[in-house]
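# Coordinate inspection notes
Listed below are the residues making up each chain.
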Amino acid sequence: MSALHLRSVAELARGLQAGEFSAAELAQHFLDRIVRLDADLNCVITPTPEAALAAAAAADAQFAKGSAGPLTGIPLLHKDIFCTRGIRTSCGSRMLDNFVAPYDATVVDRLKRAGVVTLGKTNMDEFAMGSSNETSFYGPVRNPWDTARVPGGSSGGSAAAVAAGLAPLSTGTDTGGSIRQPAALTGITGFKPTYGRVSRYGMIAFASSLDQAGGFARSAEDIAYLMTAMAGFDPLDSTSAEVAVPDYVAALEQPLAGLKLGKPREYFAEGLDEATRAATEAAIAVFESLGATVVDVSLPSSTLSVPTYYVVAPAEASSNLARFDGVRYGYRCADPLNLRDLYMRSRGEGFGREVQRRIMIGTYVLSHGYYDAYYLQAQKVRQLIASDFARAFEQVDLIVGPTTQAPAFRLGEKTADPISMYLNDIYTIAANLAGLPALSLPAGLASGLPVGLQLIGPAFAEENLLAAAHGFQQATDWHQLRPEIAQ
Amino acid sequence: MSLDSDQVHRVAELARLSITDADLPLYASELSAILDMVDQLRAADTQGVVPMAHPLAMVQRLRADDVSECDRREDFIALAPESADGLFLVPQVIE
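The shown structure was predicted, so the numbers you read here are calculated from the model rather than taken from an experiment.

### Points about the overall build of chain A
Scanning chain A from terminus to terminus reveals 15 helices and 11 strands. Against the compact-globule benchmark of 23 Å for 487 residues, chain A has a radius of gyration of 21 Å, which places it among compact chains. Counting only C-alpha atoms, chain A reaches 65 × 55 × 45 Å along its principal axes. For chain A, the proportion of its 487 residues judged to be buried stands at 62%.

Right, dumping it as structure tokens:
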């Protein structure tokens, strides 16, 4: 049997069930890999070996009692945006470098109750603002496929960790592409559910009308196990959807024959790297060979996704991040002269440059005299973008296209030009604006680097997305490709 | 739309961010570039379009008006940079 970090979640569960290895041994295997390999990659901000081994012992007791579930004893890493009681939650920021949350996020709580073993908290762009993981207070994460390159962001640590075999599963959040883009750049499967599907309680807010939690794994099947535990109504989140959650694992086995896929012409226009285009087209041909039909669709307003997002997201962020004031928790500047100085310097010193840029953009677009021209206009265009999807879904079941314009770029390549960094999310942002579920799955290589294929579905059609991705992964082995470090 | 250093200074004041004078010109050029990109929105025809504030067509959920959380004052005060007698401390506000 293969090494533990090469196995799927279902294979690990079977091994645990059969007593081939214990949850403690499984946790130790991944903890050792983190110690041995993460110095170069910088995926993990806070490893939690003691808590992991205690949770593993509890999982082993569950197996002994015969009360284990499908995720009991499965190791996982949490993005450091989810509050964890008693364990630091930094959000990648100096502002929260000393913050130990007094409660668990609902996502953390649900996964604990499902029996997962949390190995630690992963690195991320500061307050989830970034597409390369270079804005983290804790330094950049490196891509396991080429350590001179970025893993994408903002959930870069969670993505790179799964790609490097440091954990079989990890959580992430996606506000404009922060799960799908790093999944594409590190060659793994990343899933963003419908807005409202997963509770935002205890997930540090960036842009509340866009933020959604999801996760990373090697395959859609593994994601189905994770989502079955994560998703569901939560009275503690006022935007949580009261919609029944299907068993995503049971729903995986749907035939692809008869599936109608829409190919938006705007996603194949200028700017798409040729090798990425070729890999995307080849992946779409696989769907056709499996019986799916592919038709051209148009999402004309999606070309305005990036400018719409850079009004809506900073506006919401400037409001959400007003809570970090140096008074109740987090960073406080030394020797404040007065209350105003305390606010100004705590925020000026506690936030990094990208976060400050976005707070200022948000403050500006919401300020008197500019609100109508920027914020209201952006909300109207957001409506047009959502209507485009509604029209397309009258015609097709899912939308298919590239996740990013090109594979992973080099560290430092885009840090001097915020706009070029923002354009990383050109194909992913529209799904957030419309609140739709979407995923990225590995679809081949371009110059030795992974390429991601994006699928977008109608609201609450998660099981159809996962089933389509699973069908593709049954017929191909792109998701089995691993960087050398993970072999 | 382009912003100069004075305008950035005013926005930073509104946002309660201390920014050194030396950093203002770079912020001004970066924020101007972002606003230039955002200006593409002006060309969109949005006549009669209802603004979309939120992706879920939902009404605000209400809950029963009863106590659902316990008193965790000590846990929260323990996080404060400075506190005394169960209160958060800040520099003197009233002379």
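### Let's talk about the overall build of chain B
Counting its regular elements, chain B contains three helices and two strands. For chain B, the sequential pattern of α-helices and β-strands runs α-α-α-β-β. Relative to the compact-globule value of 12 Å for 95 residues, chain B shows a C-alpha radius of gyration of 23 Å, a clear excess of over 25%. Taken along the three principal axes of its C-alpha coordinates, chain B extends 55 × 45 × 25 Å. The buried share among the 95 residues of chain B stands at 17%.

### Some remarks on the interface of chain B and chain A
Taken together, the contact pairs 40 residues of chain B with 52 residues of chain A. Residue assignment for the side of chain B that touches chain A shows that the elements contributing at least two residues are helix 1 (5-14), helix 2 (24-38) and helix 3 (73-77) of chain B. It is helix 2 of chain B that provides the largest number of residues to the side of chain B that touches chain A, a total of six residues. Considered class by class, the residues forming the side of chain B that touches chain A number 29 nonpolar, five polar and six charged.

### Here we look at the packing of helix 2 (residues 23-41) of chain A against helix 3 (residues 49-65) of chain A
All names here are of chain A. For the pair helix 2 and helix 3, the least separation of the axes is 8 Å and the interaxial angle reads 155°. Relative to helix 3, the element helix 2 is oriented roughly antiparallel. Between helix 2 and helix 3 lies a crossing whose hand is right-handed. Within the contact between the two elements, helix 2 uses Ala23, Ala24, Ala27 and Leu31 and helix 3 uses Pro49, Ala52, Leu53, Ala56, Ala57, Ala59 and Asp60.

### Details of the pairing of strand 6 (residues 212-217) of chain A
All names here are of chain A. Burial runs high along strand 6: six of the six residues are buried. Of the pairings in the sheet, the one linking strand 4 (residues 169-174) to strand 6 comprises five bridges and is antiparallel in character. Each residue of the ladder has a partner; that of Thr173, found in strand 6, is Ala213. Across three bridges, the pairing between strand 5 (residues 189-192) and strand 6 is antiparallel. When the bridges of strand 6 are listed, Gly190 appears paired with Phe216.

### Considering the sheet that holds strand 7 (residues 260-264) of chain A
Residue and element names in this part refer to chain A. Taken in spatial order, the 11 strands of this open sheet run 1-3-2-4-6-5-10-11-9-7-8, and their pairing is mixed. Bordering the open sheet on either side are strand 1 (44-47) and strand 8 (293-297), each of which pairs with just one other strand. Between one strand axis and the next, the sheet turns through 30° on average, direction left out of account. Sitting on the sheet, helix 12 (residues 371-395) touches strand 7, strand 8 and strand 9 (398-402), and the angle it makes with strand 8 is about 145°.

### A look at the nonpolar core
A general tendency of soluble globular proteins is for nonpolar side chains to be buried together. Residue and element names in this part refer to chain A. If you look at the biggest cluster of nonpolar residues, it comprises 169 residues, and the most contacted ones within it are Val117, Leu119 and Leu455. Broken down by element, the residue count for this core peaks at nine residues, all from helix 12. Beyond its immediate stretch of four places on either side in the chain, Val117 contacts Ala23, Ala27, Ala52, Ala55, Ala56, Ala59, Gly73, Ile74, Pro75 and Leu76.

### Topic: the confidence of the model for chain B
Residue and element names in this part refer to chain B. For chain B, per-residue confidence averages 93 on the pLDDT scale, and 100% of positions sit at 70 or higher. Within chain B, helix 1 carries the highest mean pLDDT (97), whereas helix 3 carries the lowest (95). In the predicted assembly, ipTM is 0.96 and pTM is 0.97.

### Quick look at unusual backbone geometry
All names here are of chain A. For the bond from Gly153 to Ser154, the omega torsion is 10°, close enough to zero to count as cis. Positionally, Ser154 belongs in the loop between strand 3 (117-122) and helix 5 (156-163). For Cys91, which is not glycine, the phi torsion reads 55° and is therefore positive. Relative to the helices and strands, Cys91 resides in the loop between strand 2 (75-79) and helix 4 (106-113). For Cys91, a count of 30 C-beta atoms within 10 Å translates into the label buried. Unusually for a residue other than glycine, Asn133 sits at a positive phi of about 65°. Residue position: Asn133 is located in the loop between strand 3 and helix 5. The class of Asn133 is buried, set by 35 C-beta atoms lying within 10 Å.

What counts as what
Residues numbered from 1 in each chain as written. Chains lettered and ligands numbered in written order. Predicted model: local features only at pLDDT ≥ 70, side-chain atom pairs only at ≥ 80, totals over all residues. Helix = DSSP H or I, 4+ residues; strand = E, 2+ residues; numbered from the N terminus. Rg over C-alpha atoms; globule rule 2.2 N^0.38 Å. Buried ≥ 20, exposed ≤ 12 C-beta atoms within 10 Å, placed from the backbone. Contact = placed C-beta atoms within 7 Å. Nonpolar A, V, L, I, M, F, W, Y, C, P; charged D, E, K, R; others polar. Axes fitted to C-alpha atoms, helices over the stretch in contact; angles between N-to-C directions. Parallel < 35°, antiparallel > 145°, perpendicular 65-115°, else oblique. Left-handed = near helix turned anticlockwise from the far one by under 90°. Pairing = 2+ DSSP bridges. Core = buried A, V, L, I, M, F, W, Y, C linked by C-beta atoms within 7 Å. pLDDT = per-residue confidence, 0-100.

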